[in-house]
Amino acid sequence: GAAAAVEAAAAAAMAPGGKKAEQNGSRGRDRSRSDERGRSTSGGGGAASSSGISGSRGAAGKPLTVKKARKDIFASELGYKDESNPFGDQSLTEKFVWKKRNEYLQAAGLYKGTSKEQEVEKIQSKVREIFQVKKRRDEREVEKQLLDVQRQEHDKERHDELYDDWLGAEDTFHLDNAKSRSLLRIEQGRERPIDLVVKELAIVEGTEFDDMGILDKPPHRMFTEMGLGEVEDMMTDIEVNLKADKQHKAFWKAMQYACSEALEGKHREKAGGRGFGSGVAEGVVSEIHELLSSKSKSELEDMLIEIKASLQQGGEGMDTQFFDAVAAKIPLFMAHAEINDWHEKARKKSAAREEANRDSAEAAPRASPPAEEASEGEWDDLPEGGKPPSERGDLSPMLEPLSVLEEERYGDGACSPVLEPLSKYDEQDLLDPDDDERLMRQVRQTLVEAFAEPSAGAAGSKDRGLDRSKEDAWVASEKARGMESGEVSFNAAGKGSADEFHGEVSLTTKSYEWEGKYKPRKPRFFNRVKTGYEWNKYNQTHYDHDNPPPKRVQGYKFNIFYPDLIDKTKAPIYYVERDPESPETVLLRFHAGPPYEDTAFKIVNCEWNTSHKFGFRVVFDRGVLQLYFNFKRHRYRR
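The shown structure was predicted, so the numbers you read here are calculated from the model rather than taken from an experiment.

> Describe the pairing of strand S11 (residues 624–631), naming the residues involved and giving the relevant values.
Among the eight residues in S11, seven count as buried, and that is most of the element. Bridge analysis of strand S5 (residues 552–561) against S11 gives seven bridges, and the strand direction is antiparallel. Paired with asparagine 559 across the bridge in S11 is glutamine 626. Two strands pair when backbone bridges link them, and strand S9 (residues 608–609) and S11 are joined in this way by two bridges, in the antiparallel orientation. Within S11, the position partnered with tryptophan 608 by the bridge is phenylalanine 631. Sheet topology note: the strand S10 (residues 617–621)/S11 ladder contains five bridges and is antiparallel. Looking across to S11, one finds that arginine 617 is bridged to tyrosine 628. Counting the residues between successive antiparallel strands, the hairpin from S10 to S11 contains two residues, one of them, arginine 622, with a positive phi of roughly 55°.

> Now, about the pairing of strand S8 (residues 599–604): what can you tell me, with residues and values included?
Successive side chains on a regular strand alternate, one facing one side of the sheet and the next facing the other. Extensive coverage of S8 is indicated by the burial of five of its six residues. Here three bridges tie strand S2 (residues 503–505) to S8, and the two strands are oriented antiparallel to one another. Within S8, the residue paired with glutamate 504 across the bridge is phenylalanine 601. By the bridge criterion, six bridges tie strand S7 (residues 585–591) to S8 in an arrangement that is antiparallel. Along S8, the bridge assignment pairs leucine 588 with phenylalanine 601.

> Describe a negative patch on the surface, and please don't skip the residues or the numbers.
Taken together, the side chains of Glu153, Glu157, Glu161, Asp164 and Asp165 present a region of like negative charge at the surface. With respect to the element layout, glutamate 153 can be found in helix H5 (residues 116–187). By relative accessible area, glutamate 153 is classed as partly exposed at 46%.

> Residues and numbers for the packing of aromatic side chains, please.
The final tally for this structure, using the stated rule, is 20 aromatic pairs. A centroid spacing of 5.1 Å and a plane angle of 85° characterise the contact between tyrosine 562 and tyrosine 596, whose relative ring orientation is edge-to-face. Of this pair, tyrosine 562 sits in the loop between S5 and strand S6 (573–578) while tyrosine 596 sits in the loop between S7 and S8, placing them 34 residues apart in sequence. Considered together, tyrosine 562 and tyrosine 596 belong to a single accessibility category, that of buried residues. Among the aromatic residues, those joined into a cluster by ring pairs are Phe490, Phe525, Tyr556, Phe558, Tyr574, Phe590, Phe601, Trp608, Phe629 and Phe631. Here arginine 521 stacks its cationic end above the ring of tyrosine 596, 5.9 Å away from the centre of that ring. In this arrangement the basic side chain of lysine 557 is found over the ring face of tyrosine 628, its NZ or CZ atom lying 5.5 Å from the centre.

Reading guide: rules and limits
Residues numbered from 1 in each chain as written. Predicted model: local features only at pLDDT ≥ 70, side-chain atom pairs only at ≥ 80, totals over all residues. Heavy atoms only, no water. Buried < 20%, exposed > 50% of the residue type's maximum accessible area, 1.4 Å probe, protein only. Helix = DSSP H or I, 4+ residues; strand = E, 2+ residues; numbered from the N terminus. Pairing = 2+ DSSP bridges. Patch = residues over 30% accessible without salt bridge, like charges linked within 9 Å, V, L, I, M, F, W, Y side chains within 5 Å. Areas by Shrake-Rupley, 256 points an atom, 1.4 Å probe, with all protein chains shown as cover. Salt bridge = Lys/Arg side-chain N within 4 Å of Asp/Glu carboxyl O. Lys, Arg positive; Asp, Glu negative; His and termini not counted. Charge placed at Lys NZ, Arg CZ, Asp CG, Glu CD. Phe/Tyr/Trp six-rings, centres within 6.5 Å; stacked < 30°, edge-to-face > 60°. Lys NZ or Arg CZ within 6 Å of the ring centre and 35° of its normal.

Without other data, these values stay purely geometric and don't point to any function.
Okay, here's the thing in structure tokens:
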């Protein structure tokens with residue numbers, strides 16, 4: 001009905017005609033809006049009742065007109081009148097008539113008129129349609145509200161799941177960090193009691209360590225040997241692990257209970273109180289302790305249930321104070337039983353691992369003992385060189401064939417060298433093996449000293465057997481960069497004495513803790529020193545370019561190479577030390593971790609300019625420590 005009214009209004013606006021058609025079009029649009037926006041006054045939103053129009057006659061028996069019927073239906077069903085409606089339309093109940101269209105249809109003989117009953121029925125059907133639309137709209141609103149509630153519940157459940165996952169991930173993160181800290185302290189030899197407890201749990205879960213040793217007694221027995229402050233620290237550590245380690249929650253609860261009892265016992269001892277309870281005689285305390293310690297956790301639970309049942313029933317002659325004291329101590333021994341179970345599991349796994357290591361060590365093939373050297377008299381009995389290997393008794397050392405095919409082709413020992421007799425050679429041409437090795441070492445040492453590069457740093461006998469090719473390549477690369485204006489090489493060892501000494505300093509031999517594991521070595525380096533003239537007021541007055549002032553050191557550039565540094569996370573450091581020989585110079589010492597020794601240089605004692613704008617640079621990147629600095633320039637004042 002609303003769509004028909006809108007179409008009728010649009011057609012009336014487009015058709016040529018008078019002002020009445022446009023007014024009727026506006027009434028049609030207003031009536032369509034009233035159909036869409038009207039609210040139901042019947043309370044249920046059902047189909048429009050026909051009680052307002054019981055027939056075509058009124059109460060007085062007079063026939064009703066269509067206009068009157070429309071007004072009655074609008075007033076009874078919708079509550080709208082021309083005088084009062086939410087649209088402000090005073091012609092709301094009037095029917096729109098498309099006169100021009102009807103005239104065209106009549107001229108064409110196609111116009112069909114409608115009776116009054118048909119008009120009233122059409123009005124009622126439109127009202128029923130309006131109520132159905134309102135009902136569907138209310139149902140959609142209810143469905144939308146239900147969907148919103150379901151969506152909110154779903155989002156809340158999903159948020160709760162994500163929050164639980166996040167809490168689990170956070171607990172796992174804290175647990176992993178606690179385990180890592182404990183294992184790191186154990187590796188570095190600064191473990192705490194809680195670290196050994198964490199190690200036992202890790203061994204039970206299958207983690208293997210280089211040292212599979214564990215506590216020689218259950219962890220709860222450590223509390224008796226600790227002081228009050230140590231027990232309090234232990235309680236803090238246990239609470240942290242109880243919160244983080246959900247997998248071993250029963251174990252940590254038992255540890256917490258045992259630690260709290262030990263803490264209370266320490267306070268009682270400090271106050272001078274008794275340990276077991278006021279209802280137990282001193283003579284039977286040890287017997288009760290031994291009895292409860294020998295029980296398992298399930299047996300202790302059954303015992304606690306029996307004691308509580310006996311106390312509830314009561315009886316003549318029952319020492320209730322004694323049984324109350326014993327029942328109060330049973331939870332402590334239940335916690336001890338839980339801790340003992342985990343300790344026993346860790347002990348068995350540790351023992352099995354150590355036994356497997358011993359078996360593998362015994363099963364390893366032992367090195368064959370060295371063959372006994374033949375005496376001088378046995379050399380005379382050796383066979384002649386012309387005999388085949390089979391007739392010579394295979395006195396030559398056995399060598400592996402080049403392939404399986406050659407072994408099948410030539411047989412065993414066919415590829416071994418032939419052992420020649422001594423009589424075939426002149427005695428002057430023969431060399432003793434020890435003399436030959438000594439001569440070869442002397443030749444190698446001579447070649448090393450002859451081709452050693454002094455500018456690459458102090459590479460003495462300590463570098464023998466080490467691969468320094470990477471450092472040599474870095475030195476060559478740095479040397480290929482050349483020198484800037486006023487720079488010269490600063491790599492030779494210092495010579496002279498007092499103020500004249502300038503260069504690398506030979507440090508006294510020092511022993512390091514890591515010498516047994518790594519071979520100490522001097523780092524390679526390639527340094528530069530910058531010199532120049534100072535044209536201050538004084539020098540400008542007393543000197544010129546033909547007679548320049550003496551050059552002075554203006555700065556240094558140090559490049560120290562540490563390619564094999566073990567701990568690359570710790571950068572090398574440098575120290576400036578006082579020179580005991582002269583106040584004009586200082587010692588610049590470079591220190592790094594294993595396997596490098598300290599190296600030092602004697603430089604000019606001047607104030608450094610530590611501003612990056614003036615070339616200051618201290619960087620450790622990819623194994624190279626760079627320290628560049630210039631000295632401050634002091635202005636000459638009269």
